[in-house]
Amino acid sequence: MRAKASALAVMATAVLGAGATAAGAAGPPPPPKAPGGQTVTQIASGLKTPTSFAFGAGKVFEGDGGSESSKVPNGGVYLLSGGKGVKLAGSPQFVSGLAWHKNALYIAGGTITKRGPVWQLQRWSGFNGTTFAKRTAIYTAPKGFDGFNGIAFGPDGRLYVGVDLGLTDGNDHGPAGKTPYLYEILSLKANGSGLKVFATGMRQPWQMAFAKGSGAPYVSDLGQDKDAKNPPDFVLRVHQGDNYGFPKCNWTTGSPCAGYTKPFKMFAPHTDIMGMAIIGKRLYMTSFEGPGAKGPGGEVLSMSLKGGAVKPLVTGFVAPTVGLGTDGHSLYIGELTGQVFKVTP
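Caption draft 1: Examining the overall build of the chain more closely. Looking only at helices and strands, one finds 2 helices and 24 strands in the chain. Per-residue burial for the chain yields a buried fraction of 57% across its 345 residues. Carbon and sulfur atoms make up 52% of the accessible area of the chain, which amounts to about 13700 Å² in all.

The following block contains the structure:
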């Protein structure tokens, strides 16, 4: 499952989880529910794999990883309106991260070319309500790069992005030197210049969210997939220069972790924390197939920004959940049926 959450593996197979279309032929599936009684509303359907969201100019934008059935990645950036999504021209074939910043949409994504996959960070500007007048690639990753994950702007105005594991070379937990920037979070200026390594030693930093005024993002990190007994998944509170020790340390019993930064919160194997969002003093997370992989559907979980107990916010999904975004006091949730739901905690 972690391999399917990997961006380049998704590009190669156009899937972020087998059996994503769990709605079936008998009719629409039942909607998810909030145990606390909050109303869960379907915002859109007919999408593919919602990985990320951004909110700007009074609009909702969705980043999509593509459908399971397509031999060529067919995701992109969608404008959500009227219960459906409209794919925007010029979209990358796979989109893993979106952010709205100073009247522009920033995109982390990739496209397959004749020479192989090309991974870029793009800035789209000049939005007129239906499309963008200008699309600029602010950074193109070097040859051999395995992929971008989620993006977010920090309070310093820099763009932060996780580097994907990729799995193109079978490097589930091998040396970082096989591909550029593996196991790292990068930061760049808003124009794509001034790239720096922010932190390292994370197997697959997937999505991130900054609390107001803090330069230390909360980051979901998918644990080791092979050759380890019960490797945990993580939420990290990442500071400049942190090193979490991967691949030497995977935080299983007996692994050599002395001297490395300790994860903020460890979860049971295959909890697969994916999307990250913050409202007030609470952190919200999507779990790919729910705690303990009891599935088949995912869950939305919540936890204090200080840590502690994890509580379910939305349950009853019929398929895994990946994307999570916040607009004001509301959360937007992406399910692998191609549906997007909204809830106000």
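Caption draft 2: Structural view of the environment of glycine 76. Note that glycine 76 resides in strand β4 (residues 76-81). Spatially, the C-alpha atoms of glycine 76 and threonine 49 are 9.7 Å apart, while their sequence positions differ by 27 residues.

Caption draft 3: The arrangement of the side chain of glutamine 122 in detail. Mapped onto the elements of the fold, glutamine 122 is located in strand β8 (residues 116-127). A polar contact of 2.9 Å, which involves the side chain of glutamine 122, links it to the side chain of tryptophan 124. Every residue in contact with glutamine 122, bar those within four places of it in the chain, is listed here: Gly90, Pro92, Leu105, Tyr106, Ile107, Thr136, Ala137 and Ile138.

Caption draft 4: Summary view of the sheet that holds strand β11 (residues 159-163). In spatial order, the strands read β10-β11-β12-β13; together these 4 strands make up an open sheet with antiparallel pairing. Bordering the open sheet on either side are β10 (148-153) and β13 (196-200), each of which pairs with just one other strand. The sheet shows a mean angle of 25 degrees between the axes of neighbouring strands, direction not considered. As judged from the 4 bridges shared by β10 and β11, these two strands associate in the antiparallel manner. Bridging from a neighbouring strand, alanine 152 pairs with tyrosine 160 of β11.

Caption draft 5: Structural context of the confidence of the model for the chain. Per-residue pLDDT for the chain averages 90, and the proportion of residues at 70 or more is 90%. Counting interchain partners and residues more than four positions distant, the pLDDT-below-50 stretch residues 7-25 has 64 contacts.

Caption draft 6: The pattern of salt bridges, seen in detail. Overall, the coordinates contain 1 salt bridge when judged by the stated rule. Between aspartate 172 and arginine 203 there is a salt bridge, with the nearest N and O atoms lying 2.7 Å from each other. Residue aspartate 172 is located in the loop between β11 and β12 (184-188), and its partner arginine 203 is located in the loop between β13 and β14 (205-209); the two are separated by 31 residues in the primary sequence. Pair check on accessibility: aspartate 172 and arginine 203 agree, each one buried.

Caption draft 7: Representation of the nonpolar core in the model. Tyr106, Leu121, Phe148, Ile151, Leu159 and Val161 are the most contacted members of the largest nonpolar core, which has 19 residues in total. Every element with two or more residues in this core is listed here: β6 (94-101), β7 (104-113), β8, β9 (132-140), β10, β11 and β12. Core analysis: the second largest hydrophobic core is formed by 16 residues, Ala152, Val219, Tyr244 and Trp251 among them.

Caption draft 8: Main features of the environment of lysine 48. Structurally, lysine 48 can be placed in the loop between β1 (40-44) and β2 (50-56). As a C-alpha pair, lysine 48 and glycine 63 span 15 residues in sequence and 9.8 Å in three-dimensional space. Setting aside residues up to four positions removed in sequence, lysine 48 forms contacts with Asp64, Gly66, Ser67, Asn74, Tyr78, Glu335, Leu336 and Gly338. Engagement of the side chain of lysine 48 in a polar contact is seen with the side chain of tyrosine 78, the distance being 2.7 Å.

Caption draft 9: Fine view of the sheet that holds strand β18 (residues 273-279). Taken in spatial order, the 4 strands line up as β18-β19-β20-β21 in an open sheet, and their pairing is antiparallel. The open sheet has two edge strands with one neighbour each: β18 and β21 (307-314). Pairwise comparison of adjacent strand axes, ignoring direction, gives a mean angle of 30 degrees for this sheet. Taken together, the 6 bridges between strand β19 (residues 282-287) and strand β20 (residues 299-304) define a ladder with antiparallel strand orientation. Within β20, the position partnered with threonine 286 by the bridge is valine 300.

Caption draft 10: Spatial organisation of the pairing of strand β23 (residues 330-335). Counting buried positions along β23 gives 6 out of 6 residues, so the element sits mostly inside the fold. Residues Ser330, Tyr332 and Gly334 of β23 are buried on one face, and the alternating residues Leu331, Ile333 and Glu335, pointing to the opposite face, are buried as well. As judged from the 5 bridges shared by strand β22 (residues 321-327) and β23, these two strands associate in the antiparallel manner. Looking at β23, one finds that glycine 325 is bridged to tyrosine 332. The turn linking β22 back onto β23 is made up of 2 residues, and glycine 328 within it adopts a positive phi angle of 65 degrees. When β23 meets strand β24 (residues 340-343), the two strands line up antiparallel, connected through 4 bridges. Bridging from a neighbouring strand, leucine 331 pairs with valine 343 of β24. Here β23 folds back onto β24 in antiparallel fashion, the turn holding 4 residues, of which glycine 338 has a positive phi close to 85 degrees.

Thresholds applied
Residues numbered from 1 in each chain as written. Predicted model: local features only at pLDDT ≥ 70, side-chain atom pairs only at ≥ 80, totals over all residues. Heavy atoms only, no water. Helix = DSSP H or I, 4+ residues; strand = E, 2+ residues; numbered from the N terminus. Buried < 20%, exposed > 50% of the residue type's maximum accessible area, 1.4 Å probe, protein only. Areas by Shrake-Rupley, 256 points an atom, 1.4 Å probe, with all protein chains shown as cover. Polar contact = N/O pair within 3.5 Å; in protein donor to acceptor, adjacent residues only side chain to side chain. Contact = heavy atoms within 4.5 Å. Pairing = 2+ DSSP bridges. Axes fitted to C-alpha atoms, helices over the stretch in contact; angles between N-to-C directions. pLDDT = per-residue confidence, 0-100. Salt bridge = Lys/Arg side-chain N within 4 Å of Asp/Glu carboxyl O. Core = buried A, V, L, I, M, F, W, Y, C linked by side-chain atoms within 4.5 Å.

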